[in-house]
Amino acid sequence: MWGGRFSERPDAIMEEINVSIDVDRHLYAQDIAASKAHAAMLAAQGIITASDAKNIGKGLDTILSEIGKGAFDFKRALEDIHMNVESRLAELIGPAAGRLHTARSRNDQVATDFRLYVRDTIDEIDAALAQFQEALVARATEHAATVMPGFTHLQTAQPVTFGHHLLAYVEMAARDRGRFSDARKRLNESPLGAAALAGTSFPIDRAATATALGFERPMANSLDAVSDRDFVLETLSAAAITAVHLSRFAEELVVWTSPLVGLVRLSDKFTTGSSIMPQKRNPDAAELVRAKTGRVIGALTALLIVMKGLPLAYQKDMQEDKEGAMEAFVALSLAIRAMTGMVLDLVPDEARMKAAAGDGYATATDLADWLVRTLKMPFREAHHVTGRIVALAAKDGVALHELPLAAMQAVEPKITADALRALSVESSVKSRTSFGGTAPKNVLAQARAWTKRLEKQRK
């Protein structure tokens, strides 16, 4: 493609390190769409003839069909998707194919293609996250009153409901979707027409190609248009945070499905066995979701390192912007779908959850609250009194609600039998009626609100 300046072929190693078709072939649909928009604009501006533009458009449609059918011969000697498409176009329509590259460069071409690709990817991830939320909301509605232990430091803290726990991930996913949405808004500007770095002397209409490709506007600075990849970095950042949220949930499933804990079960659909231990049921889907987080975070870190030392404008280093990002997006998409499947598949052991919710003196805070509410005791004093009562129960090896009233009154004489009723896990969760609290009526109201919100987003 640059034979006019170079008289020798590149070394085989040079060809190998320089080639990118194995990765950027995935941009074929975006590359052809951008080329069609560019050709139509060139004709509208009188830069190429309408006849040439028509033939270019037909040829590009043929190539799109060939690639879609798996009948296209990708040639590594042609380096990238751009030259592979242009070469095949020349075979189909002759010299007119060479007019397509008027007033553009591979620099603005690849920047445009990748923005389109990332935009499409964001839309796909958003749809997957919406399905994840819908699955969580459905199960939260089902288990709005199912009591389970809430944890801090992975120690039993206070009783909550399983529905409330699931809705926490609905909220996280909503923020994840918001980050992807914000990234999409910022990336939705067109680099096409920035050419190599300085723009072009041809009377092109960049607004026309931007509109044709669904961009809000053309990018305002040609140097910035071809040389930055912050749109990939921002999307990878959103992906990394999403992956962390999924990994936290996956870790909980790994812990909860252990026979030592036994809060939930996963079916054969999302577990595997052992090659030597026939009794095993391993939560491998959850473990792999947890592991794929590393791919996503790694892709973000790798691209940050690639970009950090690059002066303006385009540098060949930026050819390394796609492979890691593409793999990360695929990994994230798979992880979301796997988590959605596990949410729909899991079966909570409600009896075990309820029993575990009362372990570790989980309703101690309810006793302290009763002392404050009924006896008007300052909370710090109530905390101290309750701590002494818990110590008595621990010494006798009984649950808090099993400690005799007389033993409690030995610590605080004003305690009455009414306090004992506050110590059941059901009473505990029902009492948490503050906004955002775990009370079943709160959970059900939040689940219903999310159902309506997600239905509205689908329309």
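Residues numbered from 1 in each chain as written. Predicted model: local features only at pLDDT ≥ 70, side-chain atom pairs only at ≥ 80, totals over all residues. Heavy atoms only, no water.

Trainee: Got a sec to walk through the overall build of the chain? Specific residues and values, please.
Mentor: Scanning the chain for helices and strands turns up 19 helices and 6 strands. The C-alpha radius of gyration computed for the chain amounts to 30 Å, which surpasses the reference 23 Å derived for 459 residues by more than 25%, pointing to a less compact arrangement than a globule. With the C-alpha coordinates of the chain rotated into their principal frame, the extents come out at 100 × 55 × 40 Å. When burial is assessed residue by residue, the chain has 46% of its 459 residues classed as buried. As displayed, the chain offers around 22,500 Å² of accessible surface, 55% of which is attributable to carbon and sulfur atoms. (Helix = DSSP H or I, 4+ residues; strand = E, 2+ residues; numbered from the N terminus. Rg over C-alpha atoms; globule rule 2.2 N^0.38 Å. Buried < 20%, exposed > 50% of the residue type's maximum accessible area, 1.4 Å probe, protein only. Areas by Shrake-Rupley, 256 points an atom, 1.4 Å probe, with all protein chains shown as cover.)

Trainee: Got a sec to walk through helix H13 (residues 350-357)? Specific residues and values, please.
Mentor: Within H13, burial applies to Met-353, Ala-356 and Ala-357. Considered in projection along H13, the buried side chains sweep an arc of 105° and stay on one side of the axis. Taken together, the buried residues of H13 touch strand S1 (147-152), strand S2 (155-161), helix H7 (162-187), strand S5 (264-265), strand S6 (347-348) and helix H18 (425-431). (Arc of directions from axis to C-beta. Contact = heavy atoms within 4.5 Å.)

Trainee: Which residues make up the layout of surface pockets, and what values go with them?
Mentor: Looking at the largest pocket, its volume works out to about 760 Å³. Together, 32 residues line the largest pocket, and Phe-151, Val-160, His-164, His-165 and Ala-168 are the ones closest to its centre. When contributions to the lining of the largest pocket are tallied by element, the ones reaching two or more residues are S1, S2, H7, helix H10 (230-256) and helix H19 (440-458). No other element matches the 7 residues that H7 contributes to the lining of the largest pocket. (1 Å grid on protein atoms, 1.4 Å probe; cavity = no way out; pocket = protein on both sides within 12 Å on 5 of 7 lines; lining within 4 Å. Points joined across faces, edges and corners; volume = space filled by probe spheres on them.)

Trainee: I'd like a description of the environment of Val-443, backed by residues and values.
Mentor: Take Val-443: it is sitting in helix H19. Apart from the residues within four sequence positions on either side, Val-443 is in contact with Ala-140, Ala-144, Thr-161, Gly-163, His-164, Leu-167 and Thr-438.

Trainee: Give a detailed account of the packing of aromatic side chains, specifying residues and quantitative values.
Mentor: Tallied over the full model, the rule gives 5 aromatic pairs. Ring centres of Phe-114 and Tyr-117 lie 6.1 Å apart, and the angle between their planes is 35°; on these two criteria the pair is classed as tilted. In this pair, Phe-114 and Tyr-117 both sit in helix H6 (residues 106-142), 3 residues apart, roughly one turn of the helix. The pair formed by Phe-114 and Tyr-117 is uniform in burial state, with each residue classed as buried. (Phe/Tyr/Trp six-rings, centres within 6.5 Å; stacked < 30°, edge-to-face > 60°.)

Trainee: Pulling in residues and values, what's your account of the nonpolar core?
Mentor: Judged by nonpolar contacts, the single largest core of 72 residues is most densely connected at Phe-132 and Phe-249. Elements with a contribution of two residues or more to this core: H6, H7, H10, helix H11 (284-307), helix H12 (323-345), H13 and H19. Top contributing element to this core by residue count: H10, with 14 residues. (Core = buried A, V, L, I, M, F, W, Y, C linked by side-chain atoms within 4.5 Å.)

Trainee: Now, about the packing of H6 against H7: what can you tell me, with residues and values included?
Mentor: Packed helices, taken two at a time, are described by their axes: the angle between them and the distance between them. Two elements in contact, H6 and H7, have axes whose closest approach is 9 Å; the angle formed by their N-to-C orientations is 165°. The pairing of H6 with H7 is recorded here as roughly antiparallel in orientation. In the crossing of H6 with H7, the sense of the turn from one axis to the other is left-handed. Looking at side-chain class alone, the contact of H6 with H7 contains 18 nonpolar, 2 polar and 9 charged residues. (Axes fitted to C-alpha atoms, helices over the stretch in contact; angles between N-to-C directions. Parallel < 35°, antiparallel > 145°, perpendicular 65-115°, else oblique. Left-handed = near helix turned anticlockwise from the far one by under 90°. Nonpolar A, V, L, I, M, F, W, Y, C, P; charged D, E, K, R; others polar.)

Trainee: Could you give an account of the pattern of salt bridges, naming the residues involved and the relevant values?
Mentor: Applying the stated criterion to the full structure yields 24 salt bridges. Among the salt bridges present, the one from Arg-88 reaches Glu-91, with a minimum N-O distance of 3.0 Å. One end of the pair, Arg-88, and the other, Glu-91, are both in helix H5 (residues 81-93), 3 residues apart, so they sit about a helical turn from each other. Under the relative-accessibility criterion, Arg-88 is labelled partly exposed at 24%. Here Glu-327 makes a salt bridge to Arg-295, at a shortest N to O gap of 4.0 Å. A residue pair is termed long-range when its members are at least 10 positions apart, and Glu-327 in helix H12 and Arg-295 in helix H11 qualify at 32 residues. Salt bridges here are not isolated pairs; linked through shared partners, they connect Glu-66, Lys-75, Arg-88 and Glu-91. (Salt bridge = Lys/Arg side-chain N within 4 Å of Asp/Glu carboxyl O.)

Trainee: Could you give an account of the pairing of S2, naming the residues involved and the relevant values?
Mentor: Where S1 meets S2, 5 bridges bridge the pair, whose relative direction is antiparallel. If you follow Thr-152 over to S2, its bridge partner there is Gln-155. Connecting S1 to the next strand, S2, in antiparallel fashion are 2 residues, including His-153 with a positive phi near 60°. (Pairing = 2+ DSSP bridges.)

Trainee: Explain unusual backbone geometry residue by residue, including any values.
Mentor: Going from Leu-312 to Ala-313, the amide bond is cis rather than trans, its omega being 5°. Here Ala-313 shows up in the loop between H11 and H12. Positive phi is not limited to glycine here, since Glu-79 has a value of about 75°. Take Glu-79: it is sitting in the loop between helix H4 (50-69) and H5. Of the residues examined, Glu-79 reaches a relative accessible area of 10% and is grouped as buried. The phi dihedral of Leu-154 falls on the positive side, at around 60°, and the residue is not glycine.

Trainee: Go over the packing of H4 against H5, please, and point to the residues and values.
Mentor: Two numbers describe how H4 lies on H5: the axes approach to 9 Å, and their chain directions differ by 115°. Relative to H5, H4 is oriented so that their crossing is right-handed. Listed contacts from H5 to Asn-55, Ile-56, Gly-59, Leu-60, Thr-62, Ile-63 and Glu-66 of H4 are Val-85, Arg-88, Leu-89, Leu-92 and Ile-93. Of the residues assigned to the contact of H4 with H5, the class counts are 7 nonpolar, 3 polar and 2 charged.

Trainee: So what about the side chain of Asp-113? Which residues, and what values?
Mentor: By secondary structure assignment, the location of Asp-113 is in helix H6. One buried charge, Asp-113, has no salt-bridge partner; the nearest side chain with opposite charge is Arg-104, at 6.8 Å. Not counting the four nearest positions on each side in its chain, Asp-113 is found in contact with Leu-27, Gln-30, Asp-31, Ala-34 and His-82. (Lys, Arg positive; Asp, Glu negative; His and termini not counted.)

Trainee: Describe in detail the side chain of Asn-84, supporting the description with residues and values.
Mentor: If you trace the backbone, Asn-84 turns up in helix H5. A polar side-chain atom of Asn-84 sits 2.7 Å from the main-chain amide nitrogen of Lys-75. The residues touching Asn-84, leaving out its near neighbours within four places in the chain, are Ile-21, Phe-72, Asp-73, Phe-74, Lys-75 and Leu-78. (Polar contact = N/O pair within 3.5 Å; in protein donor to acceptor, adjacent residues only side chain to side chain.)

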